[in-house]
Amino acid sequence: AAAAGYAVMRDMKLAAFIDLEDALGVDFIKNTVRVSDIVVPGRGDETVTLEITDGGCDIIPRWASDGTLTRIDFRADVSATVLESGGRADLDSADCAAYLTEQLESYVTEKISAALRLSAKLESDFLALGSAAERSDPTLYRLLPLPFASYLGELEMRVAVKGQISHSNDIRRSVQQVVNT
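Parameters and conventions
- Residues numbered from 1 in each chain as written.
- Predicted model: local features only at pLDDT ≥ 70, side-chain atom pairs only at ≥ 80, totals over all residues.
- Heavy atoms only, no water.
- Helix = DSSP H or I, 4+ residues; strand = E, 2+ residues; numbered from the N terminus.
- Buried < 20%, exposed > 50% of the residue type's maximum accessible area, 1.4 Å probe, protein only.
- Contact = heavy atoms within 4.5 Å.
- Expected span 1.5 Å × (residues − 1).
- Core = buried A, V, L, I, M, F, W, Y, C linked by side-chain atoms within 4.5 Å.
- Phe/Tyr/Trp six-rings, centres within 6.5 Å; stacked < 30°, edge-to-face > 60°.
- Pairing = 2+ DSSP bridges.

### So, the overall build of the chain
Here is step 1 of the chain: If you tally the helices and strands in the chain, you get 5 helices and 6 strands.
Here is step 2 of the chain: Secondary structure elements of the chain, listed N to C terminal, follow the sequence β-β-α-β-β-β-α-α-α-β-α.
Here is step 3 of the chain: Counting only residues that meet the buried cut, the chain has 42% of its 181 residues in that class.
Here is step 4 of the chain: For the chain, long-range pairs separated by at least 24 residues make up 63% of all intrachain contacts whose partners lie at least 6 apart in sequence.

See below:
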């Protein structure tokens, strides 16, 4: 059975629920991205359905020379295919591929950022960012005077996503080619 989202617990009580669409950000951070369909804006008033086929995220804590944790960088990669396009865009053109890649990157950036905002708002480390900080420098992590979750509201977090549209499955073009032969 597929997960329907995430329940965020705090003090043994439900603090928040992350629905399936927003769970994608959590999945990227935890490197558990499943094949999933998303809808992004196309050119004009059309929409394009993309299928995310692969993805993950590197979490890079940044420590200052004085031993304080200054920020955490998130570098995500995502690959997707075009499943459906409601318009007449030339899906094979470099311009269209670049535009769809930007839309894909923007979508994933927003989902990761939403998960990070929720973690900061709840002061809950349900994303296991403290573990990433501890692995990056166990000595400095042990010297933190407060529990890691208390830093989430003030810690700078930078998200960068690199997307790739691996190929398109434009059935209309394939059918048209068969009809024309």
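### Quick notes on helix 2 (residues 94-122)
Here is step 1 of the chain: With 29 residues, helix 2 should reach 42 Å at 1.5 Å per residue; the first-to-last C-alpha distance of 42 Å fits that figure.
Here is step 2 of the chain: Remark: Glu-123 follows helix 2 within two positions and exhibits a positive phi of approximately 50°.

### A word on the nonpolar core
Here is step 1 of the chain: Within the largest apolar cluster, 48 residues are counted, with the highest numbers of intra-cluster contacts made by Leu-50, Leu-104, Leu-129 and Phe-148.
Here is step 2 of the chain: A per-element tally of this core places helix 2 first, with 12 residues.
Here is step 3 of the chain: The residues contacting Leu-50, other than those within four sequence positions of it, are Ser-36, Asp-37, Ile-38, Val-40, Ala-80, Thr-81, Val-82, Leu-83, Leu-100, Leu-104 and Ile-165.

### Notes on the packing of aromatic side chains
Here is step 1 of the chain: Tallied over the full model, the rule gives 1 aromatic pair.
Here is step 2 of the chain: Judged by centre distance (6.3 Å) and plane angle (35°), the rings of Tyr-141 and Phe-148 are tilted.

### Some thoughts on the pairing of strand 1 (residues 5-10)
Here is step 1 of the chain: One ladder, built from 6 bridges, connects strand 1 with strand 2 (residues 13-19); its direction is antiparallel. Bridged to Met-9 within strand 2 is Leu-14.
Here is step 2 of the chain: Here strand 1 folds back onto strand 2, and the loop between the two strands holds 2 residues, one of which, Asp-11, carries a positive phi near 55°.

Functional significance is not addressed by these values, which are geometric in nature.
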